[in-house]
Amino acid sequence: MAVPSPGYSLTLRVQTPVSITATSELAAAVGRAGGSITALDVAESGHDSMVVDVSCNTTDAEHGQIVRDALNALEGVTVRNISDRTFLMHLGGKLEVVPKVALRNRDDLSRAYTPGVARVCMAIAKNPEDARNLTIKRNTIAVVTDGSAVLGLGNIGPAAALPVMEGKAALFKQFANVDAWPVCLDTQDTEEIIMIVKALAPVYGGVNLEDIAAPRCFEIEARLREELDIPVFHDDQHGTAIVTLAALNNALQVVGKQIDKVRIVVSGVGAAGNAIIQLLVARGASNVIAAGRNGAISRADVSSDPHRQWLAEHTNPEQFTGTLKEAMVGADVFIGVSAPNILDEADIEAMNQDAIVFAMANPDPEVDPIAASRHAAVVATGRSDYPNQINNVLAFPGFFRGLLDAGVSEITDEMLLAAADAISARVSQAELNPGFIIPSVFDPHVAADVAEAVSTAAAKNK
């Protein structure tokens, strides 16, 4: 299933004898080794030899070594060194702080800092609401994690989570001009996390919770929403739910089915699975089966976890009991936010005609997308190297832009549904096809459309 990915992009500095076919021979060797050439650049040139930087995508670290060996096997060729382009991008971090005002002389300094700044401080002390207009608060988000559920990597801790949070902050700025900053907490205690975020809240206009494991994430979000006067959004839950519904809206159009008529199987009942199912139900889905590690959840499953109990009471109307694989038989839609390679081609073949498969476990999906596409009408993943990438970046920048612009703290289902519809609408009827059900993350209009939809929905609730 593995294909070369930009996530494993290498640049190999290669010394090779001078010949008219030198670069083509290097490219052919990389191709035979299964790599995907992205660039060939001559770095140095002499009478008898030249140095070429060969950039290519590979599938993993071991594959990179195979490519290196293939180049070294060419007559007269030596690989001098290898640079991992992903690690190079992260050297020194991905963020910096840049002043928005000029500090050219004493006059500027006197207004930006002391003594002039004291007047602004006293104005805010007199009227705390002025902080939204007179500080960074109105456009700044805290991206908060405890490092307990980072991507598909698990509980790797706050320091290892920092590159992801930096990336998240960069995406906020790039796509919606929202300033964001990583806040990686060295605690996984629920009460401590809530206390710390509350203490930090005066600086921020909103909180984006990220990569906090279930079920702890549910209580943290609920408590912070109740106790803070700024919006709190758990992207693993609601961002994932928004983009999943957006993709499903269009996938159902492709196959000519309606959400209230299809049988949907969701694998994974953690943060993302819960939020997806709740939003599907809010949109009108009437036959959803939630499958955890032990199979389908039904009313016979009594749980002390209120979120699992909600699933037991609001899903599986036929009270199906069985495994995930058994639930797949005759299903119209599969949505996976669980674990890699838990289904095979036969499971997709057992689905209903014109099936829809969203296998979103990252980096390795629940089922091989290529195998799934032999039987399903529409296949989507969370990866960028297959068609139909379901990516949260389509949702969270614009969603927070809308919240900040509207100046609201409450997040409602109407806002989530409006955001999903705005994303769906970016794919026109003329463009819609099985390989294009959701817009590119680089579509410059998505964030603005989502922001407008969220602001409009917020205005209706005021």
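Quantities reported herein were computed from a predicted structural model and do not represent experimental measurements. Each residue is numbered by its place in its chain's sequence as written, counting from 1. In keeping with the predicted nature of the model, local features appear solely for residues at pLDDT of at least 70, side-chain atom pairs appear and are counted solely at 80 or more, and the whole-chain, interface and lining totals rest on all residues. No hydrogens and no water enter the side-chain calculation; it runs on all heavy atoms of the structure.

Participant: Quick question: what am I supposed to make of the overall build of the chain here?
Facilitator: Secondary structure counts use DSSP, requiring at least four H or I residues in a row for a helix and at least two E residues in a row for a strand, with both numbered from the N terminus. Check the secondary structure of the chain and you find 18 helices and 14 strands. For 462 residues, the compact-globule formula gives about 23 Å, and the C-alpha radius of gyration of the chain, at 25 Å, lands near that figure. Projected onto its principal axes, the C-alpha positions of the chain cover 75 × 75 × 45 Å. Looking at the chain as a whole, 48% of its 462 residues are labelled buried. The accessible surface values rely on the Shrake-Rupley method and a 1.4 Å probe; as for residues, cover is taken only from the protein chains in view. Summed over all atoms, the accessible surface of the chain reaches about 21900 Å², with 53% contributed by carbon and sulfur. Charged residues are defined here as Lys and Arg on the positive side and Asp and Glu on the negative side; His and the ends of the chain fall outside this count. Charge positions are represented by NZ for Lys, CZ for Arg, CG for Asp and CD for Glu. In the chain, the 35 positive side-chain charges and the 56 negative ones have mean positions that sit 7 Å from each other. Radius of gyration: C-alpha atoms only; globule rule: 2.2 Å multiplied by the number of residues to the exponent 0.38. Between buried and exposed lies partly exposed: a residue is buried under 20% and exposed over 50% of the maximum accessible area for its type, with that area taken using a 1.4 Å probe on protein chains only.

Participant: Mind showing me how you'd approach the packing of aromatic side chains here?
Facilitator: The geometry of two aromatic rings is summed up by the distance between their centres and the angle between their planes. Pairing of aromatic rings covers Phe, Tyr and Trp, the last through its six-membered ring, and needs centres within 6.5 Å; plane angles under 30 degrees mean stacked, over 60 mean edge-to-face, and all others mean tilted. For the structure on display, the rule yields five aromatic pairs. Both rings, one in Phe233 and one in Phe400, keep their centres 5.7 Å apart while their planes meet at 80°; by these two values the pair is edge-to-face. Taken together, the positions of Phe233 in strand E8 (residues 232–234) and Phe400 in helix H16 (residues 396–406) put the pair 167 residues apart, joining distant regions of the chain. Phe400 carries the same exposure label as Phe233, and that label is buried.

Participant: Is there a simple way to think about the pairing of strand E12 (residues 333–336) in this case?
Facilitator: In the case of a regular strand, side chains alternate between the two sheet surfaces. Of the two faces of E12, the one carrying Val333 and Ile335 and the one carrying Phe334 and Gly336 are both buried. DSSP calls a pair of strands paired once it identifies at least 2 bridges connecting them. Across four bridges, strand E9 (residues 264–267) lies against E12 in parallel orientation. Each bridged residue has a counterpart across the sheet, and for Val265 the counterpart in E12 is Phe334. Examined bridge by bridge, E12 and strand E13 (residues 356–359) share four bridges and lie parallel to one another.

Participant: Mind showing me how you'd approach the UniProt feature "active site" (unreviewed entry) in the chain here?
Facilitator: UniProt positions are given in the numbering used here, feature names are shortened, and annotations may be inferred rather than shown by experiment. If you check UniProt for "active site" (unreviewed entry), the listed places come out as Tyr113 and Lys168 in our numbering. The greatest C-alpha distance among the annotated residues, which extend across 56 residues, is 30.3 Å, indicating that they are dispersed rather than converging on a single site. Within the secondary structure, Tyr113 is located in the loop between helix H4 (106–112) and helix H5 (116–126). Taking the relative accessible area as the measure of exposure, Tyr113 reaches 56% and is therefore exposed. Here Lys168 shows up in helix H7 (residues 158–176).

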